[in-house]
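Residues per chain, in single letters:
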Amino acid sequence: MFPRDRFRGLFYKYFLALFVAVATPLAFSAVIEGWFGYRDQRARLDQWLGLQSASAAAEIHDFIHGITTQLGWLVQLPWTEEPDERRRTDALRLLRQTPAIASLTLLDGNGLERLYISRIGLNRIESRADRSADPALVGARAARIWFSDVSYNRGSEPYLTVAMVGNRPAVGTVVAEVNLKLIWDVVSALKFGRTGYAFILDRSGRLIAHPDISLVLRGAEEATSKPFRAVRDAIGPTRGFATSRDAQGHYVAASAAPVQGPDWTVVVAQPLSEAYAPLYAALWRTAMLLAISSILAGILAYALADRMTEPIKLLEEGTERIGAGALDHRISIHTGDEFQRLADSFNRMASELELAQQHQERIAKLKRFLAPQVADLVDRAGDDSVLDGRRTDVVVVFCDLRGFTAFSAGATPDEVMSVLSEYYESLGTVVAKFEATLINFSGDGLMVLVNAPVPIEEPALRAIDLAVDMQKNVQALIAGWRSRGYHVGFGIGLASGPATVGRIGYKDRLDYTAIGSVVNLAARLCASAADKEILIDAKVAAGVKGKRPVEDLGGRKIKGFDEAIPIFGISFNSLSLAEAGRSPDG
Amino acid sequence: MAGVATWTTRSYAQKPSMPVIGYLCPESPELFASRLQAFHQGLGEAGFVEGRNVKIDFQWANGQYSRLPGLAAELVARNVDVLVAPGGAPVALAAKAASTTKPIVFEMGGDPVQLHVVDSLSRPGGNITGVSSLSVDVSPKRLEFMRDLMPTATKLMVVVNPTSPTAQSQLQKLHAAADTLGVRLEILGASKEAEFDSVFAAVAKDGASGLVFTSDPYFAFRSSQLAALAVKYRVPAITQTRDFPIAGGLMSYGGDFMQSHRRAGIYAGRILMGEKPSDLPVQLVTKVELVINLKAAKLLGHAFSSAFVAGADEVIE
């Protein structure tokens, strides 16, 4: 198997399924965690920024409240017609203690200016100018404490006018000019996180306080205040936190809180990158964990898929090899599971196939010299001990063609082979039919054994019938050959007697044969037999006496035998009779 | 942030040369020590320390204000990164005249718009911005304080430096204030140290008058001399700077020069970090302080009223 193939087959499917099974829940949980982390961080940020803006608003309120508290001391005692030296001292002291106040105006209960003290301009004492129409006085009388709109002194410094009346008209009113640049001390001290900051917008959205004083000094300009107003407007009246862009275009998270009294808005802003830094860190961690988990899932899936497909691959390989004929191949799987059982079952099948094949081979070998039925019998018996060497009575049948050598010398090889082919085809059929044992054939001659290795009842009779059948068949062939101009004859010799039978030869070339004088006798008889003649010895003749028409041919001198041997024959002509006579017997 | 990045890049690109501040000073290092310290403090708040990441090229006029234009031109020629012109309107005007492109940070007591140093406070325009200490604006207040101390005086004497760019406007305001306060003014001129003696001698001869100094750096930096003369001639006098009562003079009323010089230092630092002077509004100091010397008052036979003492930012006993 090549790795390329592995990604097309089961491995790929297993790998994908396992990986997805592990990675999907991980990714899912990471996304969930990220989403909840984002929401938590937003909620935390909202709470935190809300808290910061509220505390910033409180600080600013304290700044304003500190001033109004101080102003309260100046509106406690009623005015008399006399110049009030003590009140002047108080006012001077207040101016010294509260640097943000640029000037103070004290008005009596009738709205007349009694005292004006300034850091820059000349003081006025008892000017008695009628200030009853002053919006500061009107506003303070209506609401006790009145805050003006923010004004920009010379287009630059933000100033606020605060007016305050006492708890009864006779104590008059104090009007203070407050230099809002002094809020810088408060605002620049407000730090949120690492780079968070606060700024203040007045009710019309102009910048009146910012850690960068140069922005405040340009607060009257629309261009300066606009981006800050945009942040405030992005937060809107809901007072939750919002994301917006600061003057430099960087994203900020901002929250706002109102300052009661002058009706300002304090906005606290923190760069979004800093505000979300914990979230980004958490997301980064989650992403890293997800990546590591995915890699682990991949390795796990690879290992598991490999573990699952490796036995399948071995099985596939093994069955291929077994199928290709390597029956001795065994599939080696020791996983202890179904795969091992499957492999064992394949191995069993292979060993059975191997046995069957050996069986087949043995039969094939046996069939070379045994009739197929006999071979099957031997095979069924399970062992071939019947082929072991022993001494037994056998009938040996020899036959060959007469005048074949002369014919083969004159005929073409094709003709010779054609004749032999027909000849052996015919003889083979007969040998098989009579369940005789074919020992060997050479050229035109054939040796057949009856009663070995498988014992047969009345072997002589069986041999005679075999010989007769041979003669009949071959003579029929010879008649055909004669018409083609071939002049050959056919003779058979049979002899019966004890012989040593068994396998001879070596490992790859084993033959079954019979050894003994009976073999020689049969061969000599065959050699003596003329065309159409079947010569038998006395023992065979005795065996079939009364059953087949045997003709005594008298003693005959046979080569290799000292004395003349009594020979019998079965005439070819009687064969048809014998045939006719036997047929009714069945 | 962008400014820091720009500055950092530039500082690396030009290493080893550090940015250079051209410091144009009307006086000597000794007289200017406390101001210079405040300037360094401001510069440090903006992230710059002399010798570490900034160099300062000093030019001292040593009281010869006529040399200021030449010294300013020299600093411009040396191609300093920013020109700092502290110590009054003459310095600012000399620096402004020297270059229309070089960033300039001034520190002075007068009104920079009125003196045509800048177009407006919030939008200075051009290459110059800085800090104004309000000392010139409060000249009439000094007259008022002297009147408070000497309610019976019908005449007060005012010293003006005729060479000062703000002399005329201050005199105008003082005359208006004198009308309001119901006193006559006698104007004395002094533009050199040699003339101080005759000023005090003239007031001492008059006997029933106080001496009000107009805001002028030349006077401010010579506070100890003026204090010594005031003691010598037994003249009640008020100047713009706290140096005067500290040195034995009667009282002072003016802007906090520590604050103004510190802020000038911050602005110089911000310009070094890449901000443009036109984007930095002119700052006015928030603190105007009254410093009185009770010992001097006792010597002169003039007691400060309780309201006076209550309103003083610092009382020297």
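All values reported here derive from a predicted model rather than from experimental measurement. (Residues numbered from 1 in each chain as written. Chains lettered and ligands numbered in written order. Predicted model: local features only at pLDDT ≥ 70, side-chain atom pairs only at ≥ 80, totals over all residues. Heavy atoms only, no water.)

## Overview of the overall build of chain A
Put simply, the test is: Strands are runs of DSSP state E lasting at least 2 residues, helices are runs of H or I lasting at least 4, and numbering of each runs from the N terminus. When checking whether two residues touch, look at their non-hydrogen atoms; a contact exists if any pair is within 4.5 Å. For the area figures, the Shrake-Rupley method with a 1.4 Å probe applies, and any residue is considered shielded solely by the protein chains shown.
Within chain A, the regular secondary structure consists of 17 helices and 20 strands. In chain A, once contacts between residues fewer than 6 apart in sequence are set aside, the share between residues at least 24 apart is 60%. Carbon and sulfur atoms make up 57% of the accessible area of chain A, which totals about 29100 Å².

## A few points about the pairing of strand 13 (residues 390-402) of chain A
Residue and element names in this part refer to chain A. Operational definition: The pairing criterion for strands is at least two bridges between them, as found by DSSP.
Note that strand 13 and strand 16 (residues 489-506) share 13 bridges and pair antiparallel. Looking at strand 16, one finds that Arg402 is bridged to Gly489. With five bridges connecting them, strand 13 and strand 15 (residues 445-450) associate as antiparallel partners. Counterpart to Cys399 in the pairing with strand 15 is Leu446.

## Things to note about the packing of aromatic side chains
Put simply, the rule reads: Aromatic pairing here means that ring centres of Phe, Tyr or Trp (its six-membered ring) are within 6.5 Å. Orientation follows from the plane angle: under 30 degrees is stacked, over 60 is edge-to-face, and everything else is tilted. The rule for a charge over a ring is simple: NZ of Lys or CZ of Arg within 6 Å of the ring centre, and within 35 degrees of the ring normal.
For the structure shown, the criterion picks out 27 aromatic pairs over all chains. Ring centres of Phe196(B) and Tyr218(B) lie 6.3 Å apart, and the angle between their planes is 65 degrees; on these two criteria the pair is classed as edge-to-face. Highlighted residues: Phe196(B) in helix 7 (residues 193-206) and Tyr218(B) in helix 8 (residues 217-220), separated in sequence by 22 residues. Put simply, the rings of Tyr23(B), Phe32(B), Phe39(B), Phe58(B), Trp60(B) and Phe221(B) pair up and form one aromatic cluster. The cationic tip of Arg87(A) hangs over the ring face of Trp79(A); the distance from NZ or CZ to the ring centre is 3.8 Å. In this arrangement the basic side chain of Arg35(B) is found over the ring face of Phe257(B), its NZ or CZ atom lying 3.7 Å from the centre.

## Looking at the sheet that holds strand 8 (residues 197-201) of chain A
All names here are of chain A. Worth spelling out the cut-off: In this analysis an axis means a line fitted to C-alpha atoms, helices contributing only their contacting stretch, and an angle means the value between N-to-C directions, from 0 to 180 degrees.
Reading across the sheet, the five strands line up as 9-8-12-11-10 and stay open at both edges, with antiparallel pairing between neighbours. With partners counted over all chains shown, the strands left at the sheet margins are strand 9 (207-209) and strand 10 (242-245), one partner each. With direction set aside, neighbouring strand axes in the sheet form an average angle of 45 degrees. Two strands pair when backbone bridges link them, and strand 8 and strand 9 are joined in this way by two bridges, in the antiparallel orientation. Within strand 9, the residue paired with Ile200 across the bridge is Ala209.

## So, the interface of chain A and chain B
By a frequent convention, interface size equals the accessible area lost on bringing the separate parts together. Condition: Summed over both partners, buried area is the accessible surface (1.4 Å probe) that two parts give up on being assembled. Any carboxyl oxygen of Asp or Glu that lies within 4 Å of a side-chain nitrogen of Lys or Arg is treated as forming a salt bridge with it. By the criterion applied in these results, polar contacts are pairs of N or O atoms within 3.5 Å in which, for protein atoms, one can donate a hydrogen and the other can accept it, and in which residues neighboring in sequence qualify only through two side-chain atoms.
Each side of the interface is counted separately: chain A has 26 residues, and chain B has 33 residues. The three residues of chain A that bury the most area against chain B are Ile120(A), Leu122(A) and Arg154(A), which together make up 27% of that side's buried surface. Applying the counting criterion to the chain A and chain B interface returns four salt bridges. In this structure, Arg270(B) engages Asp212(A) in a salt bridge whose closest nitrogen and oxygen atoms are separated by 2.8 Å. Our count for the contact surface shared by chain A and chain B stands at 14 residue pairs in polar contact (both at pLDDT 80 or more).

## So, the nonpolar core
In globular proteins that are soluble, nonpolar side chains generally tend to be buried together. To keep it simple, the criterion reads: Only buried Ala, Val, Leu, Ile, Met, Phe, Trp, Tyr and Cys residues count toward a nonpolar core, and they belong to the same one when joined by side-chain atoms within 4.5 Å. Note on classification: 1.4 Å probe, protein chains only; a residue is buried when its accessible area is under 20% of the maximum for its type, exposed when over 50%, partly exposed between these limits.
Counting 102 residues, the largest nonpolar core has Ile21(B), Phe39(B), Leu143(B), Leu211(B) and Met251(B) as its most contacted members. Broken down by element, the residue count for this core peaks at six residues, all from helix 6 (residues 167-181) of chain B. The contact partners of Leu143(B), leaving out residues within four places of it in the chain, are Leu156(B), Val158(B), Leu174(B), Ala177(B), Ala178(B), Leu181(B), Leu185(B) and Val212(B). In this structure, Leu49(A), Val187(A), Phe192(A) and Ala275(A) belong to the second largest nonpolar core, which totals 55 residues.

## Some remarks on the pattern of salt bridges
All names here are of chain B. Scanning all chains against the criterion turns up 44 salt bridges over all chains. Notably, a salt bridge pairs Arg78 with Asp57, separated by 2.8 Å at the nearest N-O pair. You can see Arg78 sitting in the loop between helix 3 (68-77) and strand 3 (82-86) and its partner Asp57 sitting in strand 2 (residues 55-60), a full 21 residues away along the chain. According to the relative accessible area criterion, Arg78 is partly exposed, its value standing at 41%.

## Describing the packing of helix 3 of chain B against helix 4 (residues 89-98) of chain B
Residue and element names in this part refer to chain B. The test is simple: Working definition: roughly parallel below 35 degrees, roughly antiparallel above 145 degrees, roughly perpendicular at 65 to 115 degrees, and oblique for all remaining angles. Left-handed describes a crossing in which the near helix is turned anticlockwise from the far one by less than a right angle; the clockwise case is right-handed. Under this grouping Gly is polar, as are all residues other than the nonpolar Ala, Val, Leu, Ile, Met, Phe, Trp, Tyr, Cys and Pro and the charged Asp, Glu, Lys and Arg.
One way to put it is that helix 3 packs onto helix 4 with a least axis distance of 8 Å and a crossing angle of 45 degrees. Classified by the angle between their axes, helix 3 and helix 4 sit oblique to one another. Once helix 3 is placed against helix 4, the crossing between them reads as right-handed. Together, Leu68, Pro69, Ala72, Ala73 and Val76 of helix 3 and Pro90, Val91, Ala94, Ala95 and Ala98 of helix 4 make up the contact between the two elements. Residue composition of the contact of helix 3 with helix 4, by class: ten nonpolar, no polar and no charged.

## Quick look at the state of the cysteines
All names here are of chain A. To keep things clear, this is the line we draw: Disulfides are defined as cysteine sulfur pairs within 2.5 Å.
This structure, assessed with the given rule, holds zero disulfides over all chains. The thiol sulfur of Cys526 is not disulfide-bonded, and the nearest other cysteine sulfur, from Cys399, lies at 6.2 Å. A residue is classified by how much of its surface remains accessible, and Cys526, at 3% relative accessible area, is buried.

## So, the sheet that holds strand 12 (residues 288-293) of chain B
Residues and elements named next belong to chain B. Here we have seven strands laid out as an open sheet, ordered 7-6-8-9-10-12-13, and mixed in their pairing. In this open sheet, the two strands that pair with only one neighbour each are strand 7 (184-189) and strand 13 (314-316). Ignoring which end each strand starts from, the neighbouring axes of this sheet average 20 degrees apart. Pairing of strand 6 (residues 155-160) with strand 8 (residues 211-213) involves three bridges; the strand directions are parallel. For Met157, the partnering residue across the bridge sits in strand 8 and is Leu211. Lying on the sheet, helix 6 is in contact with strand 6 and strand 7; it crosses strand 7 at an angle near 160 degrees. The strands touched by helix 7 are strand 6, strand 7 and strand 8; relative to strand 6, the strand with the most contacts, the crossing angle is about 180 degrees.

## Regarding the confidence of the model for chain A
All names here are of chain A. Worth spelling out the cut-off: Values of pLDDT, ranging from 0 to 100, describe the predictor's confidence in every residue of the model.
Mean pLDDT over chain A works out to 85, with 93% of the residues at or above the 70 mark. Put simply, helix 17 (residues 572-585) is where chain A has its lowest mean pLDDT, 48, and strand 7 (residues 173-179) is where it has its highest, 94. Counted against residues more than four places away or in other chains, residues 577-586, with its pLDDT under 50, gives four contacts.

## Brief notes about the side chain of Ser225(A)
Residue and element names in this part refer to chain A. Inspection of the secondary structure puts Ser225 in helix 7 (residues 222-235). Take Ser225: its relative accessible area is 1%, and that puts it in the buried class. Ser225 has contacts with Gly205, Arg206, Leu207 and Gly219, leaving out every residue within four places of it along the chain.

## Comments concerning the side chain of Thr105(A)
Residues and elements named next belong to chain A. Residue placement: Thr105 occurs in strand 1 (residues 101-107). According to the relative accessible area criterion, Thr105 is buried, its value standing at 6%. Beyond its immediate sequence surroundings of up to four residues, Thr105 is in contact with Glu113, Leu115, Tyr116, Arg131, Thr173, Val174 and Val175.

## So, the environment of Tyr12(A)
Along the chain, Tyr12(A) turns up in helix 2 (residues 10-72). A C-alpha to C-alpha distance of 9.7 Å links Tyr12(A) and Asp306(A), two positions 294 residues apart in sequence.

## What to know about a nonpolar patch on the surface
Residues and elements named next belong to chain A. How we decide: Residues forming no salt bridge and having over 30% relative accessible area are the ones grouped into patches, like charges within 9 Å of each other and nonpolar side chains (Val, Leu, Ile, Met, Phe, Trp, Tyr) within 5 Å.
Where nonpolar side chains cluster on the molecular surface, the patch consists of Trp284, Met288, Ile292, Ile295, Leu296 and Ile299 and spans about 660 Å² of accessible area. Take Ile295: it is sitting in helix 9 (residues 277-323). By relative accessible area, Ile295 is classed as exposed at 54%.

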